[in-house]
Amino acid sequence: MLKIGLGAPQYGLFTDPATLSGFAAAVEEIGFDSLWVGDRALVPTRPKDPYPGGGPVPEEYRTFLDPVVTLSFLAHATRRLRLGTSTLNAPFYSPLLLARALASVDILSGGRLDVGFGLGWSSDEYEAIGVPWRGRGARLEEILDVLEHVWSGSPAEYKGELWTIPSAHLETLPAHRPRPPVLLGGFTPATLERIGRRADGWAGVALPVPQLAYVISQIRGIAEAAGRDPDALRTVVRVNPAVTAEAAPDDAVPHRGTIVQVSDYLLAAHAAGADEVLVDLQQTARSADELTDLAHRFHEQLSRG
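The text that follows walks through the structure, step by step, so that each part is easy to find. Because the structure is a prediction, the values reported are computed rather than measured.

For the structure on display, the rule yields one cavity of 30 Å³ or more. Considering only enclosed or pocket space, the largest cavity measures out at about 70 Å³ in volume. What lines the largest cavity is Leu144, Leu147, Glu148, Trp151, Arg179, Val182, Leu184, Arg198 and Ala199. Residue assignment for the lining of the largest cavity shows that the elements contributing at least two residues are α5 (136–151) and β8 (182–185). Of the residues forming the lining of the largest cavity, the biggest block, four residues, is contributed by α5. Tallied by class, the residues present in the lining of the largest cavity amount to six nonpolar, no polar and three charged.

The tendency in soluble globular proteins is for nonpolar side chains to be buried as a group. Grouped together as the largest cluster of nonpolar side chains are 76 residues, with contacts concentrated most on Leu6, Leu35, Leu102, Phe117 and Leu212. A per-element tally of this core places α5 first, with seven residues. With sequence-adjacent residues up to four places away left out, Leu212 is seen in contact with Trp202, Val205, Leu207, Val237, Tyr265, Ala269 and Ala272. Membership of the second largest hydrophobic core comes to six residues, among which are Tyr11, Tyr61, Phe64 and Trp121.

The topology assignment puts Gln218 in helix α7 (residues 209–225). Of the residues examined, Gln218 reaches a relative accessible area of 32% and is grouped as partly exposed. Spatially, the C-alpha atom of Gln218 lies 27 Å from that of Val37, the residues being 181 residues apart in sequence.

Spanning 14 residues, helix α1 (residues 17–30) covers 20 Å between terminal C-alpha atoms, matching the ideal 20 Å at 1.5 Å per step. Every buried residue of α1 is listed here: Thr19, Leu20, Phe23, Ala24, Ala26, Val27, Glu28 and Ile30. Turning to α1, the residues buried within the fold contact β1 (3–7), β2 (34–37), α2 (67–77) and α9 (288–304). Between the side-chain oxygen of the N-cap and the backbone nitrogen of Ala18 there are 3.2 Å, and the N-cap of α1 in question is Asp16.

Under the definition given, this model contains 16 salt bridges. The partner of Glu148 in a salt bridge is Arg198, and the shortest N-O contact between them spans 3.3 Å. One end of the pair, Glu148, is in helix α5; the other, Arg198, is in helix α6 (residues 189–198), with 50 residues separating them in the sequence. Arg179 is the partner of Asp200 in a salt bridge, and the nearest nitrogen-oxygen pair spans 2.5 Å. Residue Asp200 is located in the loop between α6 and β9 (201–205), and its partner Arg179 is located in the loop between β7 (164–168) and β8; the two are separated by 21 residues in the primary sequence. Residue class for Asp200 comes out partly exposed when judged on its relative accessible area of 21%.

With that settled, the discussion passes to helix α3 (residues 95–108). For the α-helix, the turn length of 3.6 residues means that residues three or four positions removed from each other point alike. Between its terminal C-alpha atoms α3 stretches 20 Å, which fits the 20 Å expected from 14 residues at 1.5 Å a residue. Among the residues of α3, Pro95, Leu98, Ala99, Leu102, Ala103, Val105 and Asp106 are the ones counted as buried. Burial along α3 is one-sided: seen end-on, the buried residues are contained in an arc of 155 degrees. Of the residues in α3, the exposed ones pointing more than 90 degrees away from the buried face are Arg100 and Leu108. Looking at the buried side of α3, the elements it contacts are α2, β4 (88–89), β5 (113–118) and α5. Count one or two residues on from α3 and you reach Gly110, which has phi positive near 75 degrees.

A separate point is the packing of α6 against α7. Relative orientation of the contacting elements α6 and α7 amounts to 50 degrees, with a least axis distance of 7 Å. Here α7 runs oblique to α6, going by the angle between their axes. Of the two elements, α6 crosses α7, and the hand of that crossing is right-handed. Of the residues in α7, those touching α6 at Leu192, Glu193, Ile195, Gly196 and Arg197 are Val215, Gln218, Ile219, Ile222 and Ala223. Of the residues assigned to the contact of α6 with α7, the class counts are six nonpolar, two polar and two charged.

Criteria and cut-off values
Residues numbered from 1 in each chain as written. Predicted model: local features only at pLDDT ≥ 70, side-chain atom pairs only at ≥ 80, totals over all residues. Heavy atoms only, no water. 1 Å grid on protein atoms, 1.4 Å probe; cavity = no way out; pocket = protein on both sides within 12 Å on 5 of 7 lines; lining within 4 Å. Points joined across faces, edges and corners; volume = space filled by probe spheres on them. Helix = DSSP H or I, 4+ residues; strand = E, 2+ residues; numbered from the N terminus. Nonpolar A, V, L, I, M, F, W, Y, C, P; charged D, E, K, R; others polar. Core = buried A, V, L, I, M, F, W, Y, C linked by side-chain atoms within 4.5 Å. Buried < 20%, exposed > 50% of the residue type's maximum accessible area, 1.4 Å probe, protein only. Contact = heavy atoms within 4.5 Å. Expected span 1.5 Å × (residues − 1). Polar contact = N/O pair within 3.5 Å; in protein donor to acceptor, adjacent residues only side chain to side chain. Salt bridge = Lys/Arg side-chain N within 4 Å of Asp/Glu carboxyl O. Arc of directions from axis to C-beta. Axes fitted to C-alpha atoms, helices over the stretch in contact; angles between N-to-C directions. Parallel < 35°, antiparallel > 145°, perpendicular 65-115°, else oblique. Left-handed = near helix turned anticlockwise from the far one by under 90°.

Any link to function would need more than the numbers given here.
Take a look at the structure:
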């Protein structure tokens, strides 16, 4: 059965507590399965790297709530929804502190956390944070190693190329054992190999359906070759509809075109192997009320499909 998630209000017009709590309560009542946050540290005025998909970085990203803080807020505001990161740029963070922060969210939410990690696309962000752009894939590998050690039980210790943790009592452990599900974003060959070898699934994006099916099949094949069960891996596909589809003159329902078009794509993505779809409506809606209304209509359209 297709699971349906939404981007949590986190940036642009929607960065206030009333919108966040009200939207979370509404979509939980509507019947959505999950809420997801993203990760943006800054928007460079003269970016060194092209924005994925082309075009400028969305202006809405200039105001962006911290992802872990937002998840903590959502843990209190909801009771059933799973809470996820799509995606958290793991190399930005100290793995020990990241382990503590994510375990805290999982504890506060009662074990409802899904951790999606990515590498990001902006070398400007890496430079501003003080983390090297080169070697970020290897850095992610070691972060995953540290998380596994720290979350395995207390006392724990770790010695690697980048970090050393002495034997220590680290008892802030995730509620979900042995750890929250870890999804990885991206679609380079190295990323797909990493997902198939050690992740719980893929935090995917809205590729054309044939390409989406190909990537999913590649990950499954890698997992099987590594002696893992490919059916145990999840695929969560994210879609960010950014262009407002205005109503036709004889159409009283604004955004009908966007709703139908995106819903058709998500159902096709499910047929191609996606287990869950995630729609971020923050670049389509123009107010908090419209954001909730769009969520209602997307859920109705997808449920009919």
